[in-house]
Amino acid sequence: MSEEVLKQEKKPIIFSAIQPSGTITLGNYIGALKNWVTLQDDYDCIFAVADLHAITVRQEPATFRRHILEAYALLLACGIDTEKSPFFIQSHVHTHAELAWVLNCYTQFGELSRMTQFKDKSQKHADNVNVGLFAYPSLMAADILLYQADLVPVGADQKQHLELARNVAERFNGIYGNTFKIPDGYIPPVGARIMSLQDPTKKMSKSDENVNAWVAVLDKPEDIMRKFKRAVTDSEAVVKYGENKAGVNNLMGIYSAVTGKTNDEIEKEFEGKGYGDFKATVAEAVIEELRPIRERYEKFIADKAYLEEQYTKGAEFALRMSSRTLDKAMKKVGFIKKPRF
Ligand code: ATP
Ligand code: LTN
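Because the structure is predicted, anything quoted here is derived from the model rather than measured.

How each quantity is defined
- What you see as residue numbers is a count from 1 along each chain, following the sequence as written.
- Lettering for chains starts from A, numbering for ligands starts from 1, and both go in the order in which the items are written.
- Thresholds applied to this predicted model are a pLDDT of at least 70 for local features of residues and 80 or more for the giving and counting of side-chain atom pairs; totals over whole chains, interfaces and linings are not thresholded and use all residues.
- To obtain the side-chain values, all non-hydrogen atoms of the structure were used and water was disregarded.
- Strands are runs of DSSP state E lasting at least 2 residues, helices are runs of H or I lasting at least 4, and numbering of each runs from the N terminus.
- Throughout, radius of gyration means the C-alpha value; the globule benchmark is 2.2 Å times the number of residues raised to the power 0.38.
- Burial here depends on accessible area, computed with a 1.4 Å probe over protein chains only, as a share of the maximum for the residue type. Under 20% is buried, over 50% is exposed, and the range in between is partly exposed.
- The set of buried Ala, Val, Leu, Ile, Met, Phe, Trp, Tyr and Cys residues whose side-chain atoms join them within 4.5 Å is what this entry labels a nonpolar core.
- Any two residues whose heavy atoms approach within 4.5 Å at even a single point are treated as in contact.
- Here a Phe, Tyr or Trp ring, Trp counted by its six-membered ring, pairs with any other such ring whose centre lies within 6.5 Å, and the pair is stacked when the planes are under 30 degrees apart, edge-to-face when over 60, and tilted otherwise.
- Put simply, a charge is over a ring when the Lys NZ or the Arg CZ is close to the ring centre, within 6 Å, and near the line of the ring normal, within 35 degrees.
- A cavity here means a set of 1 Å grid points, computed over protein atoms only, where a 1.4 Å probe fits but cannot escape. A pocket is an open set with protein on both sides within 12 Å along at least 5 of 7 lines, and lining residues have an atom within 4 Å of a point.
- Grid points are joined across faces, edges and corners, and a volume is the space filled by probe spheres set on the points.
- Under the grouping applied here, Gly and all other residues not named as nonpolar or charged are polar, the nonpolar ones being Ala, Val, Leu, Ile, Met, Phe, Trp, Tyr, Cys and Pro and the charged ones Asp, Glu, Lys and Arg.
- One heavy atom within 4 Å of a molecule or strand is enough for the residue carrying it to be called near that molecule or strand.
- In the analysis that follows, any N or O atom pair within 3.5 Å is treated as a polar contact, provided that within protein one partner can donate a hydrogen and the other can accept it, and provided that, for residues neighboring in sequence, both atoms belong to side chains.
- Only the protein chains shown count as cover for residues, and all accessible areas are computed by the Shrake-Rupley method using a 1.4 Å probe.
- We define a salt bridge as a contact between a side-chain nitrogen of Lys or Arg and a carboxyl oxygen of Asp or Glu at a distance within 4 Å.
- Strand pairing requires that DSSP identify at least two bridges connecting the strands.
- Whether a crossover is right-handed comes down to one check: with the strands pointing away from the viewer, does the path from the first strand over the helix to the second run clockwise; if it does, it is right-handed.

1. Topic: the overall build of the protein chain
Thought 1: Scanning the protein chain from terminus to terminus reveals 14 helices and 5 strands.
Thought 2: Whereas a compact globule of 341 residues would reach a radius of gyration of roughly 20 Å, the protein chain reaches 21 Å, a difference of no more than 12%.
Thought 3: When its C-alpha atoms are laid out on the principal axes, the protein chain stretches across 70 × 45 × 40 Å.
Thought 4: Counting across all 341 residues of the protein chain, residues that qualify as buried make up 50%.

2. Focus: the nonpolar core
Thought 1: Of all hydrophobic cores here, the largest spans 65 residues; its most connected members are Leu26, Tyr29, Phe228, Ile254, Phe278 and Leu307.
Thought 2: With 12 residues, the top contributor of residues to this core is helix 13 (residues 275-301).
Thought 3: Once residues lying within four places of it in the same chain are set aside, the contact partners of Leu26 are Gly31, Met204, Val215, Val217, Phe228, Ile254, Val286 and Leu290.

3. Quick word on the packing of aromatic side chains
Aromatic ring pairs are reported here in terms of the distance separating the ring centres and the angle at which the planes meet.
Thought 1: Applying the stated criterion to the full structure yields 15 aromatic pairs.
Thought 2: The ring centre of Trp214 lies 4.6 Å from the NZ or CZ of Lys227, which sits over that ring.
Thought 3: One Lys or Arg, Lys299, reaches over the ring of Phe300 and ends 5.8 Å from the middle of that ring.

4. What about the layout of surface pockets?
Thought 1: Roughly 460 Å³ of volume is contained in the second largest pocket.
Thought 2: Considering the residues around the second largest pocket, the lining is formed by 15 residues, among which Ser323, Asp327, Lys337, Lys338 and Arg340 are closest to the centre.
Thought 3: Among the elements that take part in the lining of the second largest pocket, helix 14 (residues 304-333) stands out by supplying 7 residues, more than any other.
Thought 4: Of the residues in the lining of the second largest pocket, the class split is 5 nonpolar, 3 polar and 7 charged.

5. Structural notes on the site of ligand 1
Thought 1: In the vicinity of ligand 1, 20 residues are found, and the nearest of them are Gly155, Asp157, Ile194, Lys203 and Ser205.
Thought 2: The separation between an oxygen atom of ligand 1 and a polar side-chain atom of Lys206 is 3.0 Å.
Thought 3: Expressed as a share of its isolated accessible area of 600 Å², the protein-covered part of ligand 1 is 93%.
Thought 4: The greatest single-element share of the shell around ligand 1, amounting to 4 residues, is contributed by helix 2 (residues 26-39).

6. Looking at the site of ligand 2
Thought 1: In the neighbourhood of ligand 2, 13 residues make up the surrounding shell, with Gln19, Tyr136, Met140, Asp143 and Gln158 lying closest.
Thought 2: At 3.1 Å, a side-chain N or O of Gln19 approaches an oxygen atom of ligand 2.
Thought 3: Here a nitrogen atom of ligand 2 sits 2.6 Å away from a polar atom, N or O, in the side chain of Asp143.
Thought 4: Elements with a minimum of two residues in the shell around ligand 2: strand 1 (13-18) and helix 8 (131-146).

7. Re empty space enclosed by the protein
Thought 1: Taken as a whole, this structure holds 1 cavity of 30 Å³ or more when the rule is applied.
Thought 2: In this structure, the largest cavity spans a volume of roughly 40 Å³.
Thought 3: Taken together, Met115, Gln117, Phe118, Lys121, Leu133, Tyr136, Pro137 and His161 make up the full set of residues lining the largest cavity.
Thought 4: Listing elements by their share of the lining of the largest cavity, those giving two or more residues are helix 7 (116-124) and helix 8.
Thought 5: When the residues that make up the lining of the largest cavity are grouped by side-chain class, the tally is 5 nonpolar, 2 polar and 1 charged.

8. Some remarks on unusual backbone geometry
Thought 1: Positive phi, normally seen in glycine, also occurs at Gln148, with a value near 50 degrees.
Thought 2: When you line up the elements, Gln148 lands in the loop between helix 8 and strand 4 (151-153).

9. Observations concerning the pattern of salt bridges
Thought 1: Tallied over the entire structure, the rule returns 17 salt bridges.
Thought 2: The closest approach of N and O atoms between Glu83 and Lys313, which form a salt bridge, is 3.6 Å. Placement of Glu83 in the loop between helix 4 (61-78) and strand 3 (87-89) and of Lys313 in helix 14 is noted, with a sequence separation of 230 residues between them.
Thought 3: Using a relative accessible area of 57% as the deciding quantity, one classes Glu83 as exposed.
Thought 4: What makes Lys313 partly exposed here is its relative accessible area of 35%.
Thought 5: Put simply, Glu236 and Lys245 hold a salt bridge, and the shortest N to O gap is 2.7 Å.
Thought 6: Look at Lys245 and you get buried, because its relative accessible area is 6%.
Thought 7: When salt bridges that share partners are traced, they join Asp234, Glu236 and Lys245 into one network.

10. Here's the deal with the side chain of Asp208
Thought 1: Structurally, Asp208 can be placed in the loop between strand 5 (184-186) and helix 10 (221-229).
Thought 2: On the basis of relative accessibility, which here comes to 15%, the residue Asp208 falls in the buried class.

11. Details of the pairing of strand 2 (residues 44-49)
Thought 1: Burial within strand 2 is extensive, with 6 of its 6 residues counted as buried.
Thought 2: Residues Asp44, Ile46 and Ala48 point to one face of strand 2 and Cys45, Phe47 and Val49 to the other, with burial holding for every one of them.
Thought 3: Where strand 1 meets strand 2, 6 bridges bridge the pair, whose relative direction is parallel. Paired with Ile18 across the strands is Val49, a residue of strand 2.
Thought 4: Following the backbone out of strand 1, through helix 2 and into the adjacent parallel strand 2, one traces a crossover that is right-handed.
Thought 5: When strand 2 meets strand 3, the two strands line up parallel, connected through 3 bridges. From the neighbouring strand, Val49 faces strand 3, where its bridge partner is Ile89.

Quick look at the structure:
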């Protein structure tokens, strides 16, 4: 998509990003990626691999490098179409780190201290509670505000960060006049919070040390089947959405997200059937959804030249578009116009 097209059509702008943290789970896929793919038709979407965010926890360099490229290839395999949606690697576009610094100076210590992800992660990584982990939401705000995004599709766990981005943008606009578009969140109606298969009161997370708790997009079919068969449910043996049925609700949510069936339809389909049948059918549906993604992934990851061509094209676009916002914001603060070299 060229900038000219972007200007002419004036569709609302969507920005989203995902961290290259190794495994991309079914939770990430249903909560975020699957929506990105469908939104591409109706919006002007811009996507990124948020590698700068990932160094808030310690990364081993060779593994990190591999994970960034794998995340890029996997997102292409999920259906990001670079003809429609610029797709880049965050660290390739220096405006992100620059605007993040400026926004840091308009973000209060108190408001960052209230971020639940910061509280959780600083407990999990008590030996490395670094300033980056604390300031992570300002970088995320910069990502979004640089592209004047109208909508930001994310899972429910990112809602608080999005709220902070809105507050900081409003504060900046309040001081200097209209500079940033105030973005809205787009939290999917189904699947915003896919839960652990082993403890359905917790979100599905790849950092869970129990590998049966999560399904990775690239898991082999037999592993997916095994994990679903072991999924924790309840002793009622009725496939019905309801209170105290977190395990069944979660499986219904997953099934609904991949098949498009409603809860009523799912309850009818499994009337009189046990959980064994139900779990196997959900697993089959997930396997079929993920099969073509795995196949496309294998093709992309083997073609480093193609990946480089795509992320270079994405970064060129992103730099041009984001520079306009960065220059505008810096001018308002009072910086002297950057010389051209
Ligand atoms: P971790 O659990 O290790 O902290 P994560 O799996 O949440 O990491 P992120 O990169 O933070 O990974 O999330 C990527 C996207 O996936 C975000 O938009 C997030 O909201 C969404 N997401 C993550 N987990 C889930 C889940 N269990 N259900 C729905 N969406 C999710
Ligand atoms: N913080 C997000 C990833 C992320 C993001 C963003 C999402 C980085 N920048 C901008 C939406 C918009 C996460 O951990 N899921």
